[in-house]
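# Coordinate analysis (summary)
Listed below are the residues making up each chain.
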Amino acid sequence: MTGLQRYIAEEIATDHVEGLLSRREALRRLALLGIGGTAGAALIAACAHRQDQNAASTVSPAPTTSSAAEQPPGMARALPTSPVTWPGPLGELRGAWARAATSKGAVLVIHENKGLTDWVRSVAGRLAGAGHSALAIDLLSERGGTGTFTDPAQATSALAGIAPEQFINDLNSGLDQLRRLVPGEKIAVVGFCFGGGLVWQLLASAAPAVSAAVPWYGPLPDHADFAKAQAAVLGIYGARDARVTGSEPAARAALERAGLVHDTIIEPDADHAFFNDTGPRYNAVASADAWQRMLDWFGRHLG
């Protein structure tokens, strides 16, 4: 099991422990990953034990949520996206593209473990509205595209079955496509959850063309080595997300060893996936702050 596969499995188990999935549904989703009932039950028990330990050592207030009248950060100025395709290393790749009126650097957006959803498209549109042309890549393109999966759990399972090197090859192809769409502009890469982990993986693979990178609560690769990267990296975490935020010190140390310009933000009272306004852990206050910090980072490193 690769690091990203392990991360997906633990995320499913944690969602059950936190009451977001029934036990039956969690075990069904784990089975789609090839994890049998006994192993799935053991994983759930391990995640529950870890949650108990974290709860015993940390007392946090409930996360701040949005009112119905609030718009997510950047949504008021969001631009529409349009479908785009290009030749990839193993076949046609798909994405959602939004061109800024006056682009101040372009961004490749990497989705969560559910694929290229409408929410991810909205992030690309929000970035374009903020002045950064954006391409949200569909890493399920060679499996027919995210839209072919009526069951989100099947989309997650399909992503878990893709080799890590294929992700890197497809992401590099996405960067090439961005260079064709906005020639001469500096490029950043942004990813959320699973996609945040892929930002770290891309940096570890070198990604010399990337000037800035922002992994949002993404799992750090084992033995992370960013010596070949050149990007200025902003890591974003939630204080309540102990499973991922526990790797922040190791991420910071790896960035320091590589000599990269970097910073990390741990949003107080925010949990995993706090930026996704369609999910149960959305935190409006943390999202607004982290969004602005990301835009400020781009202003410094994409200009």
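Here the structure is a predicted model, which is why all the values come from computation and not from measurement.

Right, let's get into the pattern of salt bridges. Per the counting criterion, the structure on display carries 13 salt bridges. Notably, a salt bridge pairs Glu18 with Arg281, separated by 2.7 Å at the nearest N-O pair. Taken together, the residues Glu18 in the loop between helix H1 (3-17) and helix H2 (23-32) and Arg281 in the loop between strand E8 (262-267) and helix H10 (284-301) connect sequence positions 263 residues apart. For Glu18, a relative accessible area of 32% translates into the label partly exposed. Residue classification places Arg281 among the buried positions, given a relative accessible area of 12%. Here the salt bridges share partners, and the residues they tie into one network are Asp15, Glu18, Asp271 and Arg281.

Time to look at unusual backbone geometry. Keep in mind that most residues, glycine aside, have a negative phi and that most peptide bonds are trans. At Asp269, a position not held by glycine, the phi torsion is positive, near 65 degrees. We note that Ala273 has phi near 60 degrees; this positive angle belongs to a residue other than glycine. If you trace the backbone, Ala273 turns up in the loop between E8 and H10.

To continue, consider the domain arrangement of the protein chain. Segmentation of the protein chain into domains returns domain 1 (3-54) and domain 2 (75-302). Here domain 1 and domain 2 have C-alpha centroids that lie 24 Å from each other. On the side of domain 2, 23 residues touch domain 1, which itself brings 17 residues to the contact. Summed over both partners, the interface of domain 1 with domain 2 comes to about 1700 Å²; 57% of that surface belongs to carbon and sulfur atoms. At the junction of domain 1 with domain 2, the criterion picks out five salt bridges. Residue Arg28 is joined to Asp151 by a salt bridge in which the shortest nitrogen-to-oxygen separation is 3.0 Å. Linking domain 1 with domain 2 are nine residue pairs in polar contact (both at pLDDT 80 or more). Those elements that provide at least two residues to the side of domain 1 that touches domain 2 are H1, H2 and helix H3 (37-57). Broken down by element, the residue count for the side of domain 1 that touches domain 2 peaks at nine residues, all from H1. Looking at the side of domain 1 that touches domain 2 residue by residue, the classes come out as six nonpolar, three polar and eight charged.

This paragraph deals with the packing of aromatic side chains. One pass over the full model with this rule turns up 11 aromatic pairs. With a centroid separation of 5.5 Å and an interplanar angle of 80 degrees, the aromatic rings of Phe167 and Phe194 are classed as edge-to-face. Of the two residues, Phe167 is situated in helix H6 (residues 164-181) and Phe194 in helix H7 (residues 194-204); the sequence distance between them amounts to 27 residues. Here Phe167 and Phe194 have matching classes, each one buried. With a centroid separation of 5.3 Å and 65 degrees between ring planes, the pair formed by Tyr217 and Phe274 is classed as edge-to-face. Placement of Tyr217 in the loop between strand E6 (210-216) and strand E7 (232-238) and of Phe274 in the loop between E8 and H10 is noted, with a sequence separation of 57 residues between them. Both residues of the pair, Tyr217 and Phe274, belong to the buried class.

Overall, mixed pairing links the eight strands, which are arranged E1-E2-E4-E3-E5-E6-E7-E8 in an open sheet. Two strands close off the open sheet at either side, each with one partner strand: strand E1 (82-87) and E8. The mean inter-strand angle of the sheet, taken between neighbouring strand axes irrespective of direction, is 20 degrees. Relative to E6, strand E5 (residues 187-192) runs parallel, the two being bridged by six bridges. Across the sheet, Ala188 pairs through a bridge with Ala212, a residue of E6.

With that out of the way, let us pick up the side chain of His272. Here His272 shows up in the loop between E8 and H10. Here His272 falls in the buried class, since its relative accessible area comes to 3%. A polar contact of 2.9 Å, which involves the side chain of His272, links it to the side chain of Tyr7. Contacts of His272, omitting those with residues within four sequence positions, involve Tyr7, Glu11, Cys193, Tyr217, Asp241, Arg243, Val244 and Arg281.

In a regular helix each residue adds 1.5 Å, so 12 residues correspond to 16 Å; helix H4 (residues 118-129) covers 16 Å between its end C-alpha atoms and thus fits that length. Counting buried positions along H4 yields 10 of 12 residues, so the element is predominantly enclosed. Of all the positions in H4, only Trp119, Val120, Ser122, Val123, Ala124, Gly125, Arg126, Leu127, Ala128 and Gly129 are classed as buried. Buried residues along H4 sit against strand E2 (92-98), strand E3 (106-110), strand E4 (134-138), E5 and H10. With its phi angle positive at about 105 degrees, Gly131 sits one or two positions after the end of H4.

Here, the residues flagged by UniProt with the feature "domain: Dienelactone hydrolase" (unreviewed entry) are residues 103-301. Across residues 103-301, helical content stands at 42% and strand content at 18%; the span's end C-alpha atoms are separated by 14 Å.

Reading the values: the criteria
- Residues numbered from 1 in each chain as written.
- Predicted model: local features only at pLDDT ≥ 70, side-chain atom pairs only at ≥ 80, totals over all residues.
- Heavy atoms only, no water.
- Salt bridge = Lys/Arg side-chain N within 4 Å of Asp/Glu carboxyl O.
- Helix = DSSP H or I, 4+ residues; strand = E, 2+ residues; numbered from the N terminus.
- Buried < 20%, exposed > 50% of the residue type's maximum accessible area, 1.4 Å probe, protein only.
- Domains from an automatic or database assignment.
- Contact = heavy atoms within 4.5 Å.
- Buried area = accessible area lost by both parts, 1.4 Å probe.
- Polar contact = N/O pair within 3.5 Å; in protein donor to acceptor, adjacent residues only side chain to side chain.
- Nonpolar A, V, L, I, M, F, W, Y, C, P; charged D, E, K, R; others polar.
- Phe/Tyr/Trp six-rings, centres within 6.5 Å; stacked < 30°, edge-to-face > 60°.
- Pairing = 2+ DSSP bridges.
- Axes fitted to C-alpha atoms, helices over the stretch in contact; angles between N-to-C directions.
- Expected span 1.5 Å × (residues − 1).
- UniProt positions renumbered as here; feature names shortened; annotations may be inferred.

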